[in-house]
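If you want the building blocks of each chain, they are given just below.
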Amino acid sequence: MSTHPRQPSPGRPEDPYSGPASPLPRQANPSWMGHVQPANYRPAPGHYGGPVEAVLPPQVQGTALRAARTSGGLLGLTVAGGALAFLSLFLVVPFLLSNTGTAGFLIGFLASLLPLSVVLLAVYVIDKWEPEPKRLLFFAFTWGAAVSIAATLLIQPFFVLAFQFSDIPDLQTYMATVQAPIVEEFAKSLGLLLLLLLARRHFDGPVDGVVFAFTIAGGFAFTENILYFGRAIAESASPASEFAQVFFLRGVMSPFAHAIFTGTTGLIMGFAARRWHAGASVAAFIVGLLPAMLLHNRWNSMGQGFLLDYVFVQVPIFFLAVAGIVLLRVAEKRLTRQRLLEYSAAGWFTPAEVELLATLGGRRTVLNWAGSYGRKRQMKEFLKAATRLANTRQRILSGRDVPLHQAEERQQLQHILALRAAVAS
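Residues numbered from 1 in each chain as written. Predicted model: local features only at pLDDT ≥ 70, side-chain atom pairs only at ≥ 80, totals over all residues. Heavy atoms only, no water.

Moving on to the overall build of the protein. Helix and strand counts for the protein come out as twelve helices and zero strands. Ordered by position from the N terminus, the helices and strands of the protein form the series α-α-α-α-α-α-α-α-α-α-α-α. Taking all 425 residues of the protein together, the buried fraction comes to 49%. Sequence separation of 24 or more characterises 79% of the internal contacts of the protein that already satisfy a separation of 6 or more. (Helix = DSSP H or I, 4+ residues; strand = E, 2+ residues; numbered from the N terminus. Buried < 20%, exposed > 50% of the residue type's maximum accessible area, 1.4 Å probe, protein only. Contact = heavy atoms within 4.5 Å.)

Here we take up the nonpolar core. The biggest cluster of nonpolar side chains holds 49 residues, and the ones touching the most others in it are L195, F212 and F214. Breaking this core down by element, the ones donating at least two residues are α1 (64-126), α2 (134-162), α3 (168-198), α4 (206-235), α6 (257-273), α7 (278-300) and α8 (306-345). Of the residues forming this core, the biggest block, eight residues, is contributed by α4. Grouped together as the second largest cluster of nonpolar side chains are 23 residues, Y343, V354, L419 and V423 included. (Core = buried A, V, L, I, M, F, W, Y, C linked by side-chain atoms within 4.5 Å.)

A cluster of basic side chains, namely K134, K376, K380, K384 and R388, defines a positive patch on the protein surface. It is helix α11 (residues 376-397) that provides the largest number of residues to the positive patch, a total of four residues. Given the relative accessible area of 38%, K376 is considered partly exposed. (Patch = residues over 30% accessible without salt bridge, like charges linked within 9 Å, V, L, I, M, F, W, Y side chains within 5 Å. Areas by Shrake-Rupley, 256 points an atom, 1.4 Å probe, with all protein chains shown as cover. Salt bridge = Lys/Arg side-chain N within 4 Å of Asp/Glu carboxyl O. Lys, Arg positive; Asp, Glu negative; His and termini not counted. Charge placed at Lys NZ, Arg CZ, Asp CG, Glu CD.)

UniProt marks residues 74-97, 103-124, 136-159, 179-198, 210-228, 248-269, 276-295 and 307-331 with the feature "transmembrane region" (unreviewed entry), using the numbering shown here. The span residues 136-159 shows a helical share of 100% and a strand share of 0%, and its end C-alpha atoms are spaced 32 Å apart. For residues 307-331, the end-to-end C-alpha separation is 35 Å, with 100% helix and 0% strand making up the annotated structure. (UniProt positions renumbered as here; feature names shortened; annotations may be inferred.)

Take a nonpolar patch on the surface next. A cluster of nonpolar side chains, namely F86, L87, L89 and F90, defines an oily patch on the protein surface of about 450 Å² accessible area. By secondary structure assignment, the location of F90 is in helix α1. F90 gets classed as exposed once you look at its relative accessible area, which sits at 57%.

This brings us to the side chain of R395. Mapped onto the elements, R395 comes out in helix α11. Side-chain polar atoms of R395 contact the side chain of D204, separated by 2.3 Å. (Polar contact = N/O pair within 3.5 Å; in protein donor to acceptor, adjacent residues only side chain to side chain.)

Turning our attention to the packing of α4 against helix α5 (residues 239-252). One can describe the packing of α4 onto α5 by two numbers: an axis separation of 7 Å at closest approach and a directional angle of 155°. In terms of orientation, α4 and α5 fall into the roughly antiparallel class. Between α4 and α5 lies a crossing whose hand is right-handed. Every residue of α5 that contacts α4 at E224, N225, Y228, F229, A232 and I233 is listed here: P239, E242, F243, V246, F247, R250 and G251. Of the residues belonging to the contact of α4 with α5, the class tally is eight nonpolar, two polar and three charged. (Axes fitted to C-alpha atoms, helices over the stretch in contact; angles between N-to-C directions. Parallel < 35°, antiparallel > 145°, perpendicular 65-115°, else oblique. Left-handed = near helix turned anticlockwise from the far one by under 90°. Nonpolar A, V, L, I, M, F, W, Y, C, P; charged D, E, K, R; others polar.)

Following this line, the structure appears as structure tokens:
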């Protein structure tokens, strides 16, 4: 793998993807996920062996400081989210203990780690192409495990007071099929909205939306499972048998139920993230709640025909979700490849490098190569930086906040050069 950008010939870099009269490269829209309006397209800044600062228009030079300041927002979001999660524990933990007892709480906590591990493993696989900052994933998990649970506990009494029921079964049905889908999905997805509004540099599209949604939902299901597992032990005359049944239902048959519900909201908000508009983000939050609430209601409404509904409705929904995530991953890779090819045409990468950077097989190859020279860590950083650069270019081509994103692009191109030197040293 080359460790230095190729030096293009004088004049405008050759663009092999554009026709003679095309307003933008024919391959600029490699998939539906990264569509670019012709009016928003602009070539990647050229590299001629000189300093990176010289390749951007003068009017964006002053925005570099603004770009740097956004990292402070990420820290603030993490600290505020951690503090809110900590305060939520003063409501959530006593609630759990009062319903499960100490023994039920401890057993439920340990048992809940198993389905949580399955969900987080799925998050790791989905997020592997462009890993999100760990502090944001931590925010998402704690929001789901503590804040959204606390919000649910605070809001649900209003649903009880607002309606009158003839008997307890009617109330239980109402709480399961109406209150739970509305309140729980709202509480979980509110964390998604905060991530999209306050950490939008790291919320690049539908894959990120699914990753954050799965993490929030995994945290919510973790705490909810503690309640269900612990209560099965505390309230049953035959705790072992009751616990086994509940664990099989929630831990084996449906560990991804909450993830799929909230994942639909994350998917829709991820598409809105491509537009980089606060109004579109809020609208996507509202629209995205509808399928999540519908799926949640459908799950909680399964009664005597549970097994048939599970096999013929829920299982197909699960496989449809898996297929959708696979398609999103393929589209994400194609988009990364196309944006890096545009930097290649401008001289920052060779075409061969792009093929290595934009495929899983190619990445394994370069990591093994770098590992043989003791540079695996530096190569991992180089791969992450190249992917971030491709996403920054996509944001530039969205047509919103272009000077700010061009300033980020400038910093990232400088970082790319530094990482090349680190890999080559």
